[in-house]
Amino acid sequence: MKKLVLLGALALSVLSMQAFAADEKPLKIGIEAAYPPFASKAPDGSIVGFDYDIGNALCEEMKVKCTWVEQEFDGLIPALKVRKIDAILSSMSITDDRKKSVDFTNRYYLTPARLALKEGTVVSDSLDELKGKKIGVQRGSIHDRFAKEVLAPKGATVVPYSSQNEIYLDVEAGRLDGTVADATLLQEGFLDTPAGKGYAFVGPSFTDVKYFGDGVGIAVRKGDKANLDRINAAIDAIRANGKYKLIQDKYFNFDIYGADTKAAN
């Protein structure tokens, strides 16, 4: 009888340890580290940026270990679907098209898209002046679809690239006339750098919900309510306890969370 009791206690202990281990399972987060100031590589090879810091703050709030998985942007959703990662935290806008493939948390920031071309270039709201211009876009991004459906019919030649950094190199080299991307990304990652000298924002801000959604969120697999709920709760918590603002102020001199308006990156 004592042996049976002992075996039963051991079995319960093993089950308890397994449950604890399951609770402590790392959250694998997909990110493309080629999108400063949101995510990029430091000289030592480590990931730095707003997205990365927000993700670590969320994991700390949820009391779960983060494991970061680097992936090119257009491979993030496929990686999520095959369970290579559990979530995508990589400046991914919440759009109806993407909602068909993934579930999104509430937004964690909200900014418009802009065109960057040679300083002094005139582009009106009609965009007719883009005829003959070569515009670089990041493949698989919301700006890719927008450029092909809105800018290309105006006569622009849309050229897709694997990363935004590659676009900057070709703009600087004169192989592209400009690019369309998130305004904050362009300001921090291009216009404020030596490579962006002589370039500026031109034309209108782009905020059409059809293309730019309702802000930037964190994507999880369809039906993954457990991770969706706990990440949403963590977003609310770091907004309330001041951690979000501390991270924001490290990178920006404005409220990147944004007002509750229909604009997005």
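Residues numbered from 1 in each chain as written. Predicted model: local features only at pLDDT ≥ 70, side-chain atom pairs only at ≥ 80, totals over all residues. Heavy atoms only, no water.

## Considering the side chain of T95
Part 1: Here T95 shows up in the loop between β5 (87-93) and α4 (96-99).
Part 2: On the basis of relative accessibility, which here comes to 6%, the residue T95 falls in the buried class.
Part 3: Excluding its chain neighbours within four sequence positions, the residues that come into contact with T95 are F104, I142, Y211, F212 and G213. (Helix = DSSP H or I, 4+ residues; strand = E, 2+ residues; numbered from the N terminus. Buried < 20%, exposed > 50% of the residue type's maximum accessible area, 1.4 Å probe, protein only. Contact = heavy atoms within 4.5 Å.)

## What about the sheet that holds strand β1 (residues 27-31)?
Part 1: Taken together, five strands build an open sheet; the order of strands is β4-β1-β5-β12-β6 and the sheet is mixed. This sheet does not close on itself; its edge strands, each paired only once, are β4 (66-70) and β6 (102-104). Between one strand axis and the next, the sheet turns through 35° on average, direction left out of account.
Part 2: Two strands pair when backbone bridges link them, and β1 and β4 are joined in this way by five bridges, in the parallel orientation. Bridge pairing links G30 to V69 in β4.
Part 3: Along the sheet, helix α2 (residues 50-62) contacts β1, β4, β5 and β12 (216-221); its crossing angle with β4, the most-contacted strand, is approximately 150°. (Pairing = 2+ DSSP bridges. Axes fitted to C-alpha atoms, helices over the stretch in contact; angles between N-to-C directions.)

## Quick word on the nonpolar core
Most often, soluble globular proteins have nonpolar side chains that are buried together.
Part 1: Judged by nonpolar contacts, the single largest core of 47 residues is most densely connected at F50, L58 and Y109.
Part 2: For this core, the element with the highest residue contribution is α2, accounting for six residues.
Part 3: The contacts of F50, once residues within four sequence positions are left out, are P37, F38, Y108, Y109, Y244, I247, Q248, Y251, F252 and I256.
Part 4: By size, the runner-up hydrophobic cluster in this structure holds 19 residues, among which are L115, V123, I135 and V158. (Core = buried A, V, L, I, M, F, W, Y, C linked by side-chain atoms within 4.5 Å.)

## Focus on the state of the cysteines
Part 1: With the rule as written, the count across this model stands at one disulfide.
Part 2: A disulfide bridge connects C59 with C66, and the sulfur atoms are separated by 1.8 Å. Classification of the bridge connecting C59 and C66 rests on its S-S torsion, roughly 95°, and on that basis the disulfide is right-handed.
Part 3: According to the relative accessible area criterion, C59 is buried, its value standing at 3%. (Disulfide = S-S within 2.5 Å.)

## So, the pattern of salt bridges
Part 1: Scanning the model with the defined rule gives 15 salt bridges in all.
Part 2: Notably, a salt bridge pairs E60 with K243, separated by 3.8 Å at the nearest N-O pair. Here the residue E60 occupies a position in helix α2, and K243 occupies one in helix α10 (residues 243-251), the gap between them amounting to 183 residues.
Part 3: Here E60 falls in the exposed class, since its relative accessible area comes to 52%.
Part 4: Overall, the relative accessible area of 29% leaves K243 in the partly exposed class.
Part 5: A cluster of three or more residues bridged by salt bridges with shared partners is formed by D97, K100, R145 and E149. (Salt bridge = Lys/Arg side-chain N within 4 Å of Asp/Glu carboxyl O.)

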